[in-house]
Amino acid sequence: MIKKSNRNSSIELLRILSMFAIVIHHYAYHSTFNWGVYNTLYEGALKVNLFLHFFGKLGVDIFVIIGAYFLCEKKFNFKRPINLILTTMFYSFGIYIFLAYVLRVKLLIPISLKGILLPFPLPSGYWFVYSYVVMLFAMPFLNIIINSLERAKLLMLISGLIILWSFLVIGCIVFNDKPGTSIDDFGYTSTTFFFLLYFIAAYVRKYSGKILNSKKYTAIGFVVGLLLAVVCSYLADSQKLFNGILDTFDKMVRLSLQHQFLYFLFLEIAILVIKLLIILPAQCLVFI
């Protein structure tokens, strides 16, 4: 008898919404609308287009966190990354062969067979697949780190990485006049950032309390993040501001997600402190 896995419909719905958010971002980024040149005649449309850019990394990060939420308590299975690689190869090369050799569509960027297959047989530009595959291979080592750290130490690790790969990265982009300094100096890549999302998902899975599970505070965090995107898009009233906000939007989205995570933790800690200051002395009085 085959045992069926129980699926959480709420999480599956969130996964679908995250994919829809990614589609919205690709529509805004790759559509025929010329958002690269700021024209005051289309100022409203440009701001709406910039707002739609907001959803790209938001959808990606939510999708990764959902996957990591389940992976952090599973054993490593070599089939997971291999199946992802084979599935990507099948559809990508299948579509390529159909377009190039059946429909005879002329490619915008000519590429050789060597360029397709080497140094690894995955299509070019699939940064998400690259990073996710590496995360899957690193999964057993990430789980060792998570299981060997106490709650406070895991939180310190997450907080330190957020400072390195969000606050300092945004600082390097905003204050880009620092010579000889780049975001790579802090170890920031899409892959290492997926590691951070993995740690956050594991923390939520292992230690989520009433605050992290609260619909009320989740709604507040969502509204704050959405308002941040609206305000940033509204302020983009020049080419310089538009480009600056666009360049930092993916980092700001990720920072807003992490800010919400730290915000929840702060509330949990605050409630714990209040309990210690009020409830424990009251209990002591009872015993006296």
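Quick look at the structure, then. Owing to the predicted nature of the structure, the values given are computational and were not obtained by experimental measurement.

1. Observations concerning the nonpolar core
Counting 31 residues, the largest nonpolar core has Met135, Ile158, Leu196 and Tyr198 as its most contacted members. Listed by contribution, the elements that provide at least two residues to this core are helix H3 (55-71), helix H6 (127-148), helix H7 (151-174) and helix H8 (190-207). Ranked by the residues each element gives to this core, the list is headed by H8, at eleven residues. If you look at the next biggest cluster of nonpolar residues, it comprises ten residues, including Ile11, Phe54, Ile62 and Ala229.

2. Some details on helix H4 (residues 79-102)
For H4, which comprises 24 residues, the first-to-last C-alpha distance of 32 Å matches the rise-based estimate of 34 Å (1.5 Å per residue) to within 8%. Of all the positions in H4, only Pro81, Ile85, Thr88, Ser92, Phe93 and Ala100 are classed as buried.

3. Regarding the environment of Leu136
On the secondary structure map, Leu136 appears in helix H6. Judged by its relative accessible area of 5%, Leu136 is buried. Considering only alpha carbons, one finds Leu136 and Pro81, 55 residues apart in sequence, at a separation of 5.9 Å. Ignoring anything within four residues of it in the chain, the contact list for Leu136 reads Leu71, Phe76, Arg80, Pro81 and Leu84.

4. Description of the environment of Ser166
Note that Ser166 resides in helix H7. Residue class for Ser166 comes out buried when judged on its relative accessible area of 1%. Along the primary structure Ser166 and Tyr188 are separated by 22 residues, whereas in three dimensions their C-alpha atoms are 8.9 Å apart.

5. So, the environment of Ala28
With respect to the secondary-structure elements, Ala28 resides in helix H1 (residues 9-30). On a C-alpha basis, the gap between Ala28 and Leu50 in space is 7.7 Å, while along the polypeptide they are 22 residues apart. If near-sequence neighbours (up to four positions away) are discounted, Ala28 is found in contact with Trp35, Asn49, Leu52 and His53.

6. Some points on the packing of aromatic side chains
Taken as a whole and assessed by the stated rule, the structure comprises 13 aromatic pairs. Residues Tyr69 and Phe70 carry aromatic rings whose centres are separated by 5.4 Å and whose planes lie at 90 degrees to one another, so their mutual orientation is edge-to-face. The class for Phe70 is partly exposed, based on a relative accessible area of 29%. Ring plane angle 85 degrees and centroid distance 6.1 Å describe the contact between Trp127 and Phe128, whose orientation is recorded as edge-to-face. Between Lys47 and the ring centre of Tyr234, over which it is positioned, the NZ or CZ distance is 4.6 Å. In this structure, Arg205 is placed above the aromatic ring of Tyr69, and the distance from its NZ or CZ to the ring centre is 4.7 Å.

Reading the values: the criteria
Residues numbered from 1 in each chain as written. Predicted model: local features only at pLDDT ≥ 70, side-chain atom pairs only at ≥ 80, totals over all residues. Heavy atoms only, no water. Core = buried A, V, L, I, M, F, W, Y, C linked by side-chain atoms within 4.5 Å. Buried < 20%, exposed > 50% of the residue type's maximum accessible area, 1.4 Å probe, protein only. Helix = DSSP H or I, 4+ residues; strand = E, 2+ residues; numbered from the N terminus. Expected span 1.5 Å × (residues − 1). Contact = heavy atoms within 4.5 Å. Phe/Tyr/Trp six-rings, centres within 6.5 Å; stacked < 30°, edge-to-face > 60°. Lys NZ or Arg CZ within 6 Å of the ring centre and 35° of its normal.

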